Amino acid sequence: MTSYAHAPGFIAGDRPQIVTSRFQYDDSFTLERYLATGGYQGLKKALGRTPTDVHDEVKNATVLGRGGAGFPAGTKWGLTPQGKWPRYLVVNGDESEPGTYKDRLLMERDPHQLIEGCLIACYAAGLSQCFLYIRGEMAVAQERVATALNEAYAAGYVGKNIMGSRFSVDIVLHWGAGAYVVGEETALIESLEGNRGMPRLKPPYFPAAIGLYGQPTIVNNVETLANLPWLLVNGAEKYTAIGTKTSPGTRMVAVSGHVKRPGVYEIINGTTTFRDLLYGDEFCQGIRNDNQLKAFVPGGGSAPWFTPEQLDLPFEASQVGPAGSMLGSGAVMVMDHTTDIPRAALTLTRFYAHESCGKCTPCREGGTWLERILSRIVDGKGTDADLDQLLEVGESICPGVFPHASSSELGLSAVPFPYRMNTICFVGPSAYAPVHSALTLFRSEFEARVTKRTRIPVSGSVS
Amino acid sequence: MTSTETNVTSDENQPPVDPNAVTISINGRQVAARKGELIIAAADRSGDYIPRFCYHPRMSPVGMCRQCLVEVEGPRGPMMVVSCMTPVADGQIVRTDTPQVKRAHEGILELLLANHPLDCPVCDKGGECPLQDQAFSHGPGESRFVEEKRHYEKPIPISDIVLLDRERCILCDRCTRFADEVAGDALIHFTSRGNNTQVLTFPDEPFSSYFSGNTVQICPVGALTAKPYRFKARPWDLEKVESTCTTCSVGCRITVESSRDQLLRYQGVDSDPVNWSWLCDKGRFNFEAVASDARLEQPLIKRDGQFVEADWSTALRAAAALVSSALRDGGAGSVAILGGARGTNEDAYAWSRLARALGTSNVDAQLGDGLPSTVFAYPQATIDEAANASTVILLGPDLKEELPVLHLRLRDASEKRRSKIVEFGAKESGLTRYAWKHTGHEPGQQVAAVRSTLTETSVVSQLGKGSVVVVVGRGNLAESPEFTMSALAAVMELVPNAKVLPVLRRGNVRGALSAGMGSGSAAEILERAAAGKINCLVLVGADPLADFPDADLARRALTAVPNIVSLDTFMTTSSSQAQIVLPAAAFGEKDGTTTNLEGRVSQLSRKVTTRGTSRPDWMVAVELADLLDIDLGVGSVHDVFDQMVTTQSAFRPIDRSAIKASPDGVLLAHVGSAPIASPVPEVPERAGFSYRLVVSRKLYDAGQNVANSPSLASLAPGSAIYLHPLDLDRLGAPAGSNVKAIGARTSVVMRVEADASVHRGTAWVPWNQPGGKVGELIDASALVNDVRLENI
């Protein structure tokens, strides 16, 4: 096995490290290194307490889900109906949001931490079996997690009577086949069951009651679970001491695009601002070639865009939402002043149109339509009517006013997140978000690309 | 005190409050609904039509097309929800007419139309197309889609009958859901994704479902079309009338549709107690046989071994002469009438009246392929009762092959966990995979199988959980029906409160028997004929040479009878032995009533004029009676009906207005008391190297309706002997090779195939297949029939 000196793009810095503490080691993914750095101590502590006790600890720490929706994990575990067995933990390692690559690093660099997190979750929430769903394209992550799992089984950390206790749980690995929408939890469950990866219908909004094989199921993100070993060792008090009350702990953020140092950073939740992240010395150190920042996507490809005006917002959902976007999966994409905005929007929209599962009409037809109009505009073949057409098609996907950031220059005030939607899941609106942001905030760039058409009067009202 | 009393009285006067009743408001009007009901269903009742494509009331909702968006008042203001997925709640406020809802409807329709080809002028659906209609009623009225539309090869055949045009498809999941959820043949599915999502079959696996025609009917666009109707008519040219299918005895309600006096299609009607709008492909497409060139058009009289055309009066006089000479020479007992199960109740009644007037009891509507009519004496169950019983005991035939829509109903009962199925069979059936218990048995061992299975602890506790319905029919033509009757008696002994649903297959067999066409038995009649005791045999739509299980007996009988009169729609092998052949009117060409297997009498309707000079069966009986100086006292089909319901006790509670008022039909009252169980016949030992014969039907066979429908004729699987793979290994013959099958009387050469659903030690042969000779191996007088197989 080849080993990296460091995972690509990860920059540690001098900050509290909850999930990335072992990233500095070349062999961070081995059981040997994991045990040498306090591995499986959280599990040991958990097993020494009652499951309810452990569950309360997680609840008190308010560990927010890191998959995108930001739902507290402890609360989610409490949603399963009592007395229905078996019940499952499904780990969502199908990280596929454009710009996001934090879970990949967690799986590649510290697979044992994830496994330990899974075991703690199963113990606390009383779950019978764990399924680890890893994205099909992540070959190294698959290999590392599989190897780690074998090591853990051999060492008695997974399987029957874990660490000599009466607690037994199995972890099953499953590899995806490359579909974006399987990152949506119900589609992921469908895919695990061997069906087409298409989202289930809501309600029920959570698979907690009816999930995998019709049984109670908890779906957690990789990063969420990776927080648990540290939390169990250090306690909720220390965890909540980091960050803010509503967003405690740290979170991993993947920055890509036009910055000097793109990469994954573990930042303090709730207090770090986008300006800190993009311009701070310990983070991205500014825009490449000291260019002007034009816009950035704060939370993965499906989030509405921000402009430099929003740079001082912290990583805090309760402030980013009202400002017109979302923190999502923790991916920041940065565009400097050289960016061709229509082309950037097209790149993102093309992705979502391509990844539509085809189940519901607005996403299947609308996404592709948006992509085709946009590519016409980018190719210089669009007309001014196409710009309104884009918004009209978007209106059929997301009715009403779509969230966007404020702009004092354009005289726009922010429309808060979230949007309303005509679709089953978020893929359809995601295709529209970049179009809407680009067109609202940078309409002049589109207008410069299209040909003006004079409407010929139907009846000759010649004066 | 007083107030308490008043309260008590008012409580007594008011009906008990339904705990499931809720009231919702739709567009400001109060609508009563039930818990669990969907908004779209409640709105349908209140008259607020919500446009929809994927929603179908008989299938689970999927919310895919998103056309049925409505606004529901929520905690954070009005929310847009899909009404086909959202259940009603008390006090819910629903709006279907706001500008936002209108904008959403227009938006979704514009998106649906974006890639839909505008080939409506040449599309079969044009004129009755939900997409076309709703684009008009709820659409934006203009198209702004200037890009090139999706292109696929069009159309592609997905089965022998159904063609798929993926360009027209709007991906509503109706056909795929039907195939998976209703038919249980998940052979079509979505493939690819996003903009390229399409419905397809799996590679090299056609959509060979018995129910494929339903997907054509429920397709909301012209994406699925069926060969028999493709490009035959425009919907606005079709005239339709509601009727009842008589292909089998389920009695599905259908519309018979024609244009230019030609039957062009049947569509299923949603009859709640019977077919839930589904039809099988055989029933749906065999209208082709009505228009077949092979139909008889003119009476034929045999002169010097050759048929020559005659007019009706000559032919009828000749027939009357044959009957009266038989009466003169051999008395009433020398006249026999076989058949009547193909026609209407009125047809059967008229012929049974004639038989009684002649004084003969040599009358049978079954051809040794059913059960004795004592099966009707048990407490009777309806199809609904069977499909809602907590336990269904299956004794007999493979319902998927014989009564396909009943199979769907029972499959649904099992899939929705309403019923547990306990199946007994000499071969696995289409329902075996949905059965809770399947007990395989050798032919003749039913009683032992019933006694051992129904006394198992788990089964006893299951039987005690609720109602029990026994579905009983003839599962094996190569064994005596007594075994099934004894097994039924054994079930009734163990489960005394069970009800019985007799599943005799022939279209109107229950009606014919109730009308009096069952006073004799076909086997005895043919035995008497073979012994030279029958002088004149009248075949009313009966073909003993093809349908009677014992081919040798049928052949001997028809050779020995000097005078045969055949009344049929086609020249069958038996008709060709007749002296006089009279052309009969077919389904769709005559009015009347029919009775389905549960005793439901419903209306048949005439849609097209009769072929050539053909006449309905009842009319021929009346005219023949006239020539024999017998006055049946009827002059029209209504007269026959009125006389039938007054004289035949089985039909007594029914009258014409009741039938007219109830399109779902009227149930016959049950008469009779449980018959005395006959002793179980002793089954002879099977020799070590022989196989016990199981002969049962496939849906598609060599019967006239299938053979004369070009779309269906090629679907009959053909004749072969099917053995369990291990038995085939023991025989040492490769699958597909020919073997010699040696029966008690003669031997025939047949193809042999492997089939794991056949039990070991038995040999299964489908009945009445093209080129089939299995009848040679069956002795109707034997309790069971064995064959030895030899490799050649």
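No experiment lies behind these values; they were computed from the predicted model shown.

### Some remarks on the overall build of chain B
Right, on to step 1. Tallying secondary structure elements over chain B gives 25 helices and 34 strands in all.
Right, on to step 2. Reported as C-alpha extents along the three principal axes, the dimensions of chain B are approximately 90 × 75 × 65 Å.
Right, on to step 3. Here chain B, with 792 residues, has 61% of them falling under the buried criterion.
Right, on to step 4. Sequence-distant contacts in chain B: of pairs separated by 6 or more residues, those separated by 24 or more amount to 72%.
Right, on to step 5. Approximately 29,800 Å² of chain B is accessible, and the part contributed by carbon and sulfur atoms is 51%.

### Overview of the domain arrangement of chain B
Residue and element names in this part refer to chain B.
Right, on to step 1. Its domain assignment divides chain B into domain 1 (148-290), domain 2 (300-370 + 509-667), domain 3 (374-502) and domain 4 (690-791).
Right, on to step 2. The straight-line distance from the C-alpha centre of domain 1 to that of domain 4 is 31 Å.
Right, on to step 3. Contacts between the two partners involve ten residues from domain 1, matched on the other side by 13 residues from domain 4.
Right, on to step 4. For the pair domain 1 and domain 4, the two sides together bury roughly 1,100 Å², of which 63% comes from carbon and sulfur.

### Remarks on the nonpolar core
Residue and element names in this part refer to chain B.
Right, on to step 1. Core analysis: the largest hydrophobic core is formed by 124 residues, its most contacted members being V250, L399, L406, L410, V471 and L501.
Right, on to step 2. With sequence-adjacent residues up to four places away left out, V471 is seen in contact with V392, I393, L394, L395, L399, L410, L501 and V503.
Right, on to step 3. In terms of nonpolar packing, the next biggest core, distinct from the first, is built from 84 residues, L316, M517, A621 and A625 among them.

### Thoughts on the domain arrangement of chain A
Residues and elements named next belong to chain A.
Right, on to step 1. When the domains of chain A are assigned, the result is domain 1 (31-239), domain 2 (243-335) and domain 3 (341-447).
Right, on to step 2. Each of domain 1 and domain 3 was reduced to a C-alpha centroid, and the two centroids are 34 Å apart.
Right, on to step 3. Each side of the interface is counted separately: domain 1 has 14 residues, and domain 3 has ten residues.
Right, on to step 4. For the pair domain 1 and domain 3, the two sides together bury roughly 990 Å², of which 70% comes from carbon and sulfur.
Right, on to step 5. For the pair domain 1 and domain 3, the interface holds zero salt bridges.

### Observations concerning unusual backbone geometry
Right, on to step 1. Cis rather than trans, the peptide bond between W85(A) and P86(A) has omega equal to -10°.
Right, on to step 2. Within the secondary structure layout, P86(A) lies in the loop between α4 (73-77) and β1 (88-93).
Right, on to step 3. We note that N27(B) has phi near 50°; this positive angle belongs to a residue other than glycine.
Right, on to step 4. If you trace the backbone, N27(B) turns up in the loop between β1 (21-26) and β2 (29-34).
Right, on to step 5. Despite not being glycine, S192(B) shows a phi value in the positive range, around 60°.
Right, on to step 6. Tracing the backbone through its elements, the reader meets S192(B) in the loop between β8 (188-191) and β9 (198-201).
Right, on to step 7. Exposure remark for S192(B): the relative accessible area of 40% places this residue in the partly exposed category.

### Some words on the packing of aromatic side chains
Right, on to step 1. Evaluated as defined, the whole model comprises 25 aromatic pairs over all chains.
Right, on to step 2. When the ring of Y34(A) is compared with that of Y40(A), the centres are 5.1 Å apart and the planes differ by 80°; the resulting orientation is edge-to-face.
Right, on to step 3. Given the relative accessible area of 0%, Y34(A) is considered buried.
Right, on to step 4. Geometrically, the ring pair formed by Y123(A) and F167(A) is edge-to-face, given 5.0 Å between the ring centres and 80° between the ring planes. With Y123(A) in helix α6 (residues 111-125) and F167(A) in the loop between α7 (139-154) and β3 (170-175), this pair connects stretches of sequence that are 44 residues apart. Exposure class is identical for Y123(A) and F167(A). Each is buried.
Right, on to step 5. An aromatic cluster is built from F402(A), F417(A), Y419(A), F426(A) and Y432(A), whose rings are joined through pairwise contacts.
Right, on to step 6. Positioned above the aromatic ring of Y25(A), the side-chain terminus of R33(A) is 4.1 Å from the ring centre.
Right, on to step 7. Here the guanidinium or amino end of K437(B) rests over the ring plane of W436(B), the centre of that ring lying 5.5 Å away.

### Description of the interface of chain B and chain A
Right, on to step 1. Taken together, the contact between chain B and chain A spans 34 residues of the former and 33 residues of the latter.
Right, on to step 2. With both sides pooled, the region where chain B packs onto chain A buries about 2,900 Å², and carbon together with sulfur makes up 51% of that total.
Right, on to step 3. Summed over the shared surface of chain B and chain A, the result is five salt bridges.
Right, on to step 4. Measuring nitrogen to oxygen at the nearest pair gives 2.9 Å for the salt bridge that ties E365(A) to R150(B).
Right, on to step 5. There are 21 residue pairs in polar contact (both at pLDDT 80 or more) connecting chain B and chain A.
Right, on to step 6. The element contributing the most residues to the side of chain B that touches chain A is helix α3 (residues 99-114) of chain B, with seven residues.
Right, on to step 7. Taken together, the residues of the side of chain B that touches chain A break down into 17 nonpolar, nine polar and eight charged.

### Concerning the pattern of salt bridges
Right, on to step 1. All chains considered together, the criterion is met by 80 salt bridges over all chains.
Right, on to step 2. Among the salt bridges present, the one from E355(A) reaches R193(B), with a minimum N-O distance of 3.1 Å. Here E355(A), found in helix α13 (residues 341-355), pairs with R193(B), found in the loop between β8 and β9, and the two come from separate chains.
Right, on to step 3. The exposure class of E355(A) is buried, given its relative accessible area of 10%.
Right, on to step 4. Ionic pairing is found between E598(B) and R600(B), a salt bridge with its closest N-O pair at 2.8 Å.
Right, on to step 5. On the basis of relative accessible area, E598(B) is assigned to the buried category, the value being 4%.
Right, on to step 6. Residue R600(B) is classed as buried on the basis of its relative accessible area of 9%.
Right, on to step 7. In this structure, a network of salt bridges that share partners links the residues D550(B), D552(B), R555(B), R556(B), R745(B), E776(B) and D779(B).

### A look at the sheet that holds β2(B)
All names here are of chain B.
Right, on to step 1. A sheet is described by the order of its strands in space; here five strands give the open sequence β2-β1-β5-β3-β4, paired in mixed fashion. For this open sheet the edge positions go to β2 and β4 (77-82), each flanked by a neighbour on one side alone. Recorded for the sheet is a direction-independent mean angle of 35° between the axes of neighbouring strands.
Right, on to step 2. Taken together, the six bridges between strand β3 (residues 69-74) and β4 define a ladder with antiparallel strand orientation. Residue pairing across strands places E71 opposite M80, the latter belonging to β4.

### Considerations on the side chain of E266(A)
All names here are of chain A.
Right, on to step 1. For E266, the location among the structural elements is in strand β6 (residues 263-268).
Right, on to step 2. Within the buried set, E266 has no salt-bridge partner at all; the shortest N-O distance to an opposite charge, 7.0 Å, is to R66.
Right, on to step 3. Side-chain polar atoms of E266 contact the backbone nitrogen of I18, separated by 2.9 Å.
Right, on to step 4. Among the polar contacts made by the side chain of E266, one reaches the side chain of T250 at a distance of 2.4 Å.

### Considerations on α13(A)
Note: α-helices contain 3.6 residues per turn, so residues at a spacing of three or four share the same orientation.
Residues and elements named next belong to chain A.
Right, on to step 1. Between its first and last C-alpha atoms α13 spans 22 Å; for 15 residues at 1.5 Å apiece the expected length is 21 Å, and the two agree.
Right, on to step 2. Taken together, the buried positions of α13 are I341, P342, A344, A345, L346, L348, T349, Y352, A353 and E355.
Right, on to step 3. Looking at the buried residues of α13, the elements they touch are β7 (293-297), β8 (331-336), α14 (361-378), α16 (427-441) and α17 (443-449).

### Some remarks on the packing of helix α5 (residues 102-109) of chain A against α7(A)
Residues and elements named next belong to chain A.
Right, on to step 1. At a minimum axis separation of 7 Å, α5 and α7 run at an interaxial angle of 40°. When the axis of α5 is compared with that of α7, the two are oblique. Handedness of the crossing formed by α5 with α7: left-handed. Together, R104, M107, E108 and R109 of α5 and V140, A141, R144 and V145 of α7 make up the contact between the two elements.
Right, on to step 2. Along the lines of polarity and charge, the residues of the contact of α5 with α7 split into four nonpolar, no polar and four charged.

Conventions used here
Residues numbered from 1 in each chain as written. Chains lettered and ligands numbered in written order. Predicted model: local features only at pLDDT ≥ 70, side-chain atom pairs only at ≥ 80, totals over all residues. Heavy atoms only, no water. Helix = DSSP H or I, 4+ residues; strand = E, 2+ residues; numbered from the N terminus. Buried < 20%, exposed > 50% of the residue type's maximum accessible area, 1.4 Å probe, protein only. Contact = heavy atoms within 4.5 Å. Areas by Shrake-Rupley, 256 points an atom, 1.4 Å probe, with all protein chains shown as cover. Domains from an automatic or database assignment. Buried area = accessible area lost by both parts, 1.4 Å probe. Core = buried A, V, L, I, M, F, W, Y, C linked by side-chain atoms within 4.5 Å. Salt bridge = Lys/Arg side-chain N within 4 Å of Asp/Glu carboxyl O. Phe/Tyr/Trp six-rings, centres within 6.5 Å; stacked < 30°, edge-to-face > 60°. Lys NZ or Arg CZ within 6 Å of the ring centre and 35° of its normal. Polar contact = N/O pair within 3.5 Å; in protein donor to acceptor, adjacent residues only side chain to side chain. Nonpolar A, V, L, I, M, F, W, Y, C, P; charged D, E, K, R; others polar. Pairing = 2+ DSSP bridges. Axes fitted to C-alpha atoms, helices over the stretch in contact; angles between N-to-C directions. Lys, Arg positive; Asp, Glu negative; His and termini not counted. Expected span 1.5 Å × (residues − 1). Parallel < 35°, antiparallel > 145°, perpendicular 65-115°, else oblique. Left-handed = near helix turned anticlockwise from the far one by under 90°.

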